[in-house]
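Observations on chain architecture
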Amino acid sequence: MIVRTRFAPSPTGALHCGTVRTALFSWLLAKKHQGQFLLRIEDTDQKREVVGGTENIKETLRWLGLDWDEGPDIGGPFNPYIQSQRLETYKQYALTLIEKGIAYADPYSQAELQALREQAQAEKRPFLFRDHRPSNPPQWDGSQPLRIKLEPKAWAWDDAVMGTVKMGPEMIDDYIIIKADGFPTYNFSHIVDDHLMQITHVLRSQEFISSVPKFLAAYEVLGWKPPVNAIVPQVMDETGKRKLSKRYGAKPLLEYCKQGFLPEALLNFMATIGWNDGTEQEIYTLQELIEKFDLSRVQKSGGIFDEHRLLWLNGAHIRQLSLDELYDHAQPFWPTSAASRNEDYKKQVLALIQERLKFLAELPELTKFFFEEPVVREELFTNNKQLKKLTKNERQTFLAKILAVLEASNFSETDLEERLRKLIDELGTKPGILFGLIRVVITGSNVAPGLFETMQVLDKETVLRRIKTIQQ
Ligand code: GLU
């Protein structure tokens, strides 16, 4: 069997981690089995559609490298892959159902339906449309909603993640398949499309679990074999109590792109929310994820979205990059003052901070002093545990000595270290004080990469100039 999976988002807002994780699982499953992954745009609820929604979906997937084998822009054997362009197909299937007596026009006005609902409520019983099926439904002319006739029945099915799921007949009712505006409902269009597009595995989020019986009932009356269903548990916030959603806590994924997160880190992060391969491994390449992913190891309960873990993982993936790769990724993130410096210099700078970099938008803050004169505020001395021990006079004396020593240095790392350590002994001070002082004066910060490498990269002229500036 060829595995065919799909991602079928509605263009109702920017894609976020919760939704894309389901897409990623579908993609991984298809790749693992050398199958196909489809992208289908489910734009049948036009009221909820947002401008640019489809573009955002495509851009997000492209950025992450979740390429689709069939779908918008590239087409495929089941064209088109945008539901609003498939209305005729849904209508044909709807007409067949009418012919077979399995679909009927809903004759009620909104007000009449509302009255029936209120009556059920007053009588403390659930409202079921099938209790009010018209005995002689009008001819469907497209202006009335069209409903599918489903007989109540208990369902038990094997979900690839959740195991056996059972639900009672109350989950099934005659639902609308074509709305009065001519568009199909999700409940109908996705069944038609998954069938026609030969989808073998449908992965979707937990909120759909109670709808599965009605989908299965529809497959039954249509005479089609349902695909393997897999309910992927929700992504929860850090407290584990609230579901992450467009409205709550979930950032558009492309925001991470703007912040300089690496797609491979985000994929690693999302794949390991609610899935593991049974080992302690945390850092995966995409190839490893493809090889190891398995629906049977997707956990049943919600996975936690932990942004600290994402930062850590991104740092880990940044550290795995070669200097050339890091340089390419870093291009859009340099401070403007870096424009005049060449590739070689920038690579030396990157080599110094690669260890500490968590996301690329940190670049200006971490590297500015390599490109422009730092602002050395007095608090940098007074708030530093070691440096505040020095009086201003001592500071100046130290700086004069440092300058003299550095003037004689050839500025190689080893020579700098040797000379400065000697000076520490001579002054009877501590490394924390002397090195801290130099660091603050040449970088304008208490945290910076290794001091001697930094001095070497900045070069002799710059370091001496910065020390002299402070002396004035
Ligand atoms: N269009 C549905 C949504 O975006 C897709 C659900 C599914 O994967 O079947 O929620």
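Report follows, based on the coordinates.

Calculation criteria
- Residues numbered from 1 in each chain as written.
- Predicted model: local features only at pLDDT ≥ 70, side-chain atom pairs only at ≥ 80, totals over all residues.
- Heavy atoms only, no water.
- Helix = DSSP H or I, 4+ residues; strand = E, 2+ residues; numbered from the N terminus.
- Rg over C-alpha atoms; globule rule 2.2 N^0.38 Å.
- Buried < 20%, exposed > 50% of the residue type's maximum accessible area, 1.4 Å probe, protein only.
- Contact = heavy atoms within 4.5 Å.
- Areas by Shrake-Rupley, 256 points an atom, 1.4 Å probe, with all protein chains shown as cover.
- Lys, Arg positive; Asp, Glu negative; His and termini not counted.
- Charge placed at Lys NZ, Arg CZ, Asp CG, Glu CD.
- Polar contact = N/O pair within 3.5 Å; in protein donor to acceptor, adjacent residues only side chain to side chain.
- Patch = residues over 30% accessible without salt bridge, like charges linked within 9 Å, V, L, I, M, F, W, Y side chains within 5 Å.
- Salt bridge = Lys/Arg side-chain N within 4 Å of Asp/Glu carboxyl O.
- Pairing = 2+ DSSP bridges.
- Axes fitted to C-alpha atoms, helices over the stretch in contact; angles between N-to-C directions.

1. Points about the overall build of the protein
In terms of helices and strands, the protein carries 19 helices and 11 strands. Computed over C-alpha atoms, the radius of gyration of the protein comes to 31 Å, more than 25% over the 23 Å expected from 2.2 N^0.38 for 472 residues, which places it beyond the range of a compact globule. Across its three principal directions, the C-alpha atoms of the protein cover 105 × 50 × 40 Å. Counting over 472 residues, the protein shows a buried share of 51%. Contacts in the protein between residues at least 24 apart in sequence constitute 74% of all its contacts with a sequence separation of at least 6. Carbon and sulfur atoms make up 50% of the accessible area of the protein, which totals about 22,300 Å². Positive and negative side-chain charges in the protein, numbering 60 and 64 respectively, have mean positions lying 4 Å apart.

2. A short note on the side chain of threonine 60
Residue placement: threonine 60 occurs in helix α2 (residues 53-64). For threonine 60, a relative accessible area of 0% gives the class buried. Here the side chain of threonine 60 touches asparagine 56 through a polar contact of 2.6 Å, landing on its backbone oxygen. With residues up to four places along the chain from it excluded, the contact list for threonine 60 reads Leu15, Val20, Leu253 and Leu254.

3. Details of unusual backbone geometry
Residues asparagine 79 and proline 80 are joined by a peptide bond in cis, for which omega reads -15°. Take proline 80: it is sitting in the loop between α2 and α3 (87-99). At lysine 124, a position not held by glycine, the phi torsion is positive, near 55°. Here lysine 124 is to be found in the loop between α4 (110-122) and β4 (146-148).

4. Description of a positive patch on the surface
On the surface, a cluster of positive charge is made up of Lys385, Lys388, Lys389 and Lys430. Position of lysine 385 relative to the elements: it lies in the loop between α14 (379-382) and α15 (392-407). Residue lysine 385 is classed as exposed on the basis of its relative accessible area, which comes to 68%.

5. Some points on the sheet that holds β4
Read across the open sheet, the 3 strands follow the order β3-β4-β7; overall the sheet is antiparallel. Lying at the two open borders of the sheet, with one neighbouring strand each, are β3 (103-105) and β7 (176-178). Adjacent strand axes in the sheet meet at a mean angle of 40°, parallel and antiparallel pairs treated alike. Bridge analysis of β4 against β7 gives 2 bridges, and the strand direction is antiparallel. By the bridge assignment, arginine 147 is partnered in β7 with isoleucine 176. Relative to the sheet, α3 contacts β3, β4 and β7, its axis offset from that of β7 by approximately 125°.

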